[in-house]
Every structure is written in structure tokens, then in C-alpha cells.
Amino acid sequence: MNNKIHEGRNVKRFREMLGIKQEALAYELGDDWNQKKISLLEQKETIDAPLLQQISTALKIPVEAFQNFDEEQAVNVIANTFGDHGIGYQRNENPTFHPIDKLVQLHEEKIALYERMLKEKDEMMARLEKLIEGK
């Protein structure tokens, strides 16, 4: 069960999750990078530490994510946690709150927010009037 982590594949996964194209990552890495080099990089099982750090900075993802992410383990955790018999997922068909009460609460919060906004507007208008009078 000692699977080797494929760092290049992890770079590709995280890049795709972020919606970043290979060209954009190449641009972030510098002038000597292009889409083809990124494609080749994503096929490498291991990536040099300095380059991995540069990629980490460009994608704003910790280096450890590329070094430690194992898709098979992640799938197993998800399958075992969120399956029909998993302990991490419980279906609650009877909410512990009454929907009307929640609606009333949201309405009251909305009114309180509106009143705060009106008060702030009045304060701002008073400050503006003082500024105009001072000129």
C-alpha cells in the first residue's frame, strides 16, 4: 500500500481545479516556460524541490499538497465517509427549526441591517454638510 505520489499529476489536478490553463502557469513561471514544457512537467513523477516551490507560489498552494496528495486515498476516504453506511453523513429529513421562524428571523435581520444603513447614511450626510459649511 506504499504508492508513489505522482507530483506532476498533482500539479495538473490542482491547476485544473483552480481553472488555470497550462499557458497561464507557464507565464507565471517565467520566459523560458511554455505550454509544452508544462505538459511535459505534468507527466513527471517527481519534480525538483526549487521548481515545485516556484509552482507552489504561482498556484498559491502549499508544496506539501503536491508532495502528499494521493488520489486513490482521497477517493477511499470519500467513498467510506459519504457512502450509504458511512459515519460522516447523516440524512436529516426533519429540520430542527421551523421554516417560518427562520423566515421571520431573516426578515428581522434585514430590517436591522436597513436601519443601520439609514443611520450611517444620516451620519455621513451630517458630516458632508459640516464639510460644505466649512468652505
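Residues numbered from 1 in each chain as written. Predicted model: local features only at pLDDT ≥ 70, side-chain atom pairs only at ≥ 80, totals over all residues. Heavy atoms only, no water.

This part is about the nonpolar core. Grouped burial of nonpolar side chains is what soluble globular proteins tend to show. With 18 residues, the main nonpolar core has Val 11, Leu 25, Leu 29, Trp 33, Ile 55 and Phe 66 as its most contacted residues. Where this core is concerned, the elements lending two or more residues are helix 1 (7-17), helix 2 (22-29), helix 3 (35-41), helix 4 (49-59) and helix 5 (63-68). For Leu 25, the contacting residues outside a window of four places in its chain are Val 11, Arg 15, Ile 20, Ile 38, Ala 58 and Leu 59. (Core = buried A, V, L, I, M, F, W, Y, C linked by side-chain atoms within 4.5 Å. Buried < 20%, exposed > 50% of the residue type's maximum accessible area, 1.4 Å probe, protein only. Helix = DSSP H or I, 4+ residues; strand = E, 2+ residues; numbered from the N terminus. Contact = heavy atoms within 4.5 Å.)

This part is about the environment of Glu 23. Residue position: Glu 23 is located in helix 2. By relative accessible area, which is 46% here, Glu 23 ends up partly exposed.

Attention now goes to the side chain of Glu 42. Mapped onto the elements of the fold, Glu 42 is located in the loop between helix 3 and helix 4. The class of Glu 42 is buried, set by a relative accessible area of 6%. When sequence neighbours within four positions are dropped, the list of residues in contact with Glu 42 reads His 6, Gly 8, Arg 9, Val 11, Lys 12, Arg 15 and Gln 22.

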